[in-house]
Amino acid sequence: MNTSRLKFGKSIRSQWLLEEDVIFLNHGSYGATPRVVLEAQAEWRLRLECQPVRFMRRELIPALRAAATELAAFMGARGEDLVFVDNATTGINAVLRSLVLAPGDEVVATDHTYGAVRKTLIFVCDRAGAQLVEAVLPFPGTDDAGIVDAVARTLSPKTRLVVLDHVTSPSALILPVERLVQLCRERGVPVLVDGAHALGMLPLALERIGADWYVGNCHKWMCASKGCGFLWASPRVQSSTHPTVISHGLGEGYLGEFDWTGTRDFSTWLSVTAALAFHRSLGPETVRTYNHELVVWARDLLAQSWGTEPCAPERLLGSMAVIRTDRPAQEAEALHDYLWDRHRIEVPVIPLVGAAWIRISAQVYNESEEYRQLAAAVNEYRLSECRK
Ligand SMILES: Cc1ncc(COP(=O)(O)O)c(C=O)c1O
């Protein structure tokens, strides 16, 4: 099917398996995979099972490297610097658990760092007697200069690593990673960028960012099947970067160590080329523009409808945004459940700086009417709470 002729919104939604009666405004958490990509994944599975030994011994690695090269090229990088991992969590664990920290060392992250990454940081710091130092980002009222200042203030001669989100999870903000990486490199501090949300949402030029490591997901905004993440490592750090699972490839270099970590289903990694083809058929820039314009429009509509203010300038948004409600943080779960149980609206409600915030996603299968329904449903909840 020639997807380039499809319009976005409702008319393209049948390309996904999403249930018809659901208003799905949470592409950000796990992504959603189109049928064509799942079909391509199934074909790889069949190919393996026709002759598993031939596939694993002869066909797998060339196919894996070809997929890695295509994915890397899409992000302005070289295939030999990119390996597949299950997800951003696995890639970040590989980097952090390869670090050799000493007592008194410091690792910097921000107070908007993803919860699971923060826990991994605490784990590696505690084991070494090192310290996690958190840069407190200005929020709401975020701007680029404030972000750079906040990170700069946390750097010290003891800093061994800075971990930066490309797009933050709880607040959906694009951090100015190029400026931040430059700042850290001027101070001689290595940087790991957590780009879990970036691929498919933002144009990416990994080499230009200049970080030491860049970790990302293909299963979120690139719509690959679940369990498709990547780790890009600069050549200067590849020999000291190891997977968390050690296998036959130990001693055979970066690619050797990561490409084989034991027998597994490789079909999600191999079918990433189908996700790239699907994305290309829609037009990467067309997708980004549609999603960004829709999310900014929806954010303004929702903020106005709920009588709250936008938290950051439009340029810091990709295809997600958070909007403050006037409900307290303790009501986040109740509000989420109300929206799902009464209205079949799937959207995350996040407790943040004392209030319940709603994080909307805009993917090509979404359209404006869905956000209007969200506005009305939250207002209905607010009214019912006020009457109590
Ligand atoms: C910023 C950030 N980092 C890491 C992750 C973890 O991603 P995964 O569950 O695919 O490992 C997420 C998930 O939403 C995220 O938002």
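Residues numbered from 1 in each chain as written. Predicted model: local features only at pLDDT ≥ 70, side-chain atom pairs only at ≥ 80, totals over all residues. Heavy atoms only, no water.

> Describe the domain arrangement of the protein chain, naming the residues involved and giving the relevant values.
One can read the domain layout of the protein chain as domain 1 (3-30 + 283-387) and domain 2 (38-277). Using C-alpha coordinates to define each centre, domain 1 is positioned 27 Å away from domain 2. Each partner contributes to the interface: domain 1 provides 28 residues, whereas domain 2 provides 27 residues. For the pair domain 1 and domain 2, the two sides together bury roughly 2,100 Å², of which 64% comes from carbon and sulfur. Ranking the residues of domain 1 by area buried against domain 2 places Arg-288, Leu-316 and Met-320 at the top, with a combined share of 27%. On the surface where domain 1 and domain 2 come into contact, there are one salt bridge. With its nearest N and O atoms 2.8 Å apart, the salt bridge here joins Asp-144 to Arg-315. (Domains from an automatic or database assignment. Contact = heavy atoms within 4.5 Å. Buried area = accessible area lost by both parts, 1.4 Å probe. Salt bridge = Lys/Arg side-chain N within 4 Å of Asp/Glu carboxyl O.)

> Kindly report on the site of the ligand, identifying the contributing residues and their values.
The ligand sits among 13 residues. The nearest are Thr-89, Asp-194, His-197, Asn-217 and Lys-220. At 3.0 Å from an oxygen atom of the ligand is found a side-chain nitrogen or oxygen belonging to His-219. Contact with the protein chains removes 89% of the 390 Å² of surface that the ligand exposes when unbound. In this structure, the ligand is accommodated by the largest pocket. Each residue belonging to the shell around the ligand can be placed in one class, and the counts come to four nonpolar, six polar and three charged. (Near = heavy atom within 4 Å. Polar contact = N/O pair within 3.5 Å; in protein donor to acceptor, adjacent residues only side chain to side chain. Areas by Shrake-Rupley, 256 points an atom, 1.4 Å probe, with all protein chains shown as cover. 1 Å grid on protein atoms, 1.4 Å probe; cavity = no way out; pocket = protein on both sides within 12 Å on 5 of 7 lines; lining within 4 Å. Sits in = over half its atoms within 2 Å of the grid points. Nonpolar A, V, L, I, M, F, W, Y, C, P; charged D, E, K, R; others polar.)

> Residue-level account of the packing of helix H12 (residues 284-306) against helix H14 (residues 368-387), with values.
At their nearest, the axes of H12 and H14 sit 10 Å apart, and the two run at 25 degrees to each other. If you check the angle between H12 and H14, you find them roughly parallel. The two elements H12 and H14 cross, and the hand of that crossing is right-handed. Taking contact as the criterion, the partners of Leu-294, Trp-297, Ala-298, Leu-301, Leu-302, Ser-305 and Trp-306 in H12 are, on H14, Ser-368, Tyr-371, Arg-372, Leu-374, Ala-375, Val-378, Asn-379 and Arg-382. Split into classes, the residues belonging to the contact of H12 with H14 amount to 10 nonpolar, three polar and two charged. (Axes fitted to C-alpha atoms, helices over the stretch in contact; angles between N-to-C directions. Helix = DSSP H or I, 4+ residues; strand = E, 2+ residues; numbered from the N terminus. Parallel < 35°, antiparallel > 145°, perpendicular 65-115°, else oblique. Left-handed = near helix turned anticlockwise from the far one by under 90°.)

> Tell me what's going on with the nonpolar core, and back it up with residues and numbers.
Membership of the largest hydrophobic core comes to 85 residues, with the highest contact counts inside it found for Leu-71, Phe-84, Leu-206, Tyr-214, Cys-218 and Phe-230. Broken down by element, the residue count for this core peaks at nine residues, all from helix H3 (residues 52-74). Both domains that furnish three or more residues to this core are identified here as domain 1 (3-30 + 283-387) and domain 2 (38-277). Those residues within four positions of Tyr-214 in sequence are excluded, and the remaining contacts are His-166, Val-193, Gly-195, Ala-198, Leu-204, Leu-206, Ile-209, Phe-230, Leu-231 and Trp-232. (Core = buried A, V, L, I, M, F, W, Y, C linked by side-chain atoms within 4.5 Å. Buried < 20%, exposed > 50% of the residue type's maximum accessible area, 1.4 Å probe, protein only.)

> Let's hear about the side chain of Thr-110: which residues, and what values?
Within the element layout of this structure, Thr-110 appears in strand S3 (residues 106-110). At 3.0 Å, the side chain of Thr-110 forms a polar contact with the backbone nitrogen of His-112. Beyond its immediate chain neighbours, meaning those up to four positions away, Thr-110 contacts Glu-134, Ala-135, Leu-137, Val-163 and Asp-165.

> So what about the sheet that holds strand S8 (residues 229-233)? Which residues, and what values?
The sheet built from seven strands is open, its strands ordered S2-S8-S7-S6-S5-S3-S4 with mixed pairing. Only two strands of the sheet have a single partner each, and these edge strands are strand S2 (82-85) and strand S4 (131-135). Along the sheet, successive strands turn relative to each other by an average axial angle of 20 degrees, direction set aside. Pairing of strand S6 (residues 191-195) with strand S7 (residues 213-217) involves four bridges; the strand directions are parallel. By the bridge assignment, Asp-194 is partnered in S7 with Val-215. Lying on the sheet, helix H6 (residues 144-154) is in contact with S3, S4 and strand S5 (159-165); it crosses S4 at an angle near 155 degrees. Helix H7 (residues 177-186) contacts S5 and S6 of the sheet and is inclined by roughly 165 degrees relative to S6. (Pairing = 2+ DSSP bridges.)

> I'd like a rundown of the sheet that holds strand S12 (residues 355-361), residues and numbers included.
Read from one edge to the other, the open sheet built from three strands follows the order S9-S12-S11, with strand pairing classed as antiparallel. Edge positions in the sheet fall to strand S9 (320-328) and strand S11 (349-352), since each of these pairs with one other strand and no more. Averaged over all pairs of adjacent strands, the angle between strand axes in this sheet comes to 35 degrees, irrespective of strand direction. In terms of strand pairing, S11 meets S12 through four bridges, oriented antiparallel. Pairing of Leu-352 across the sheet is with Ala-355, part of S12. Packed onto the sheet, H12 meets S9 and S12 and runs at close to 10 degrees relative to S9. Packed onto the sheet, helix H13 (residues 332-343) meets S9, S11 and S12 and runs at close to 165 degrees relative to S11.

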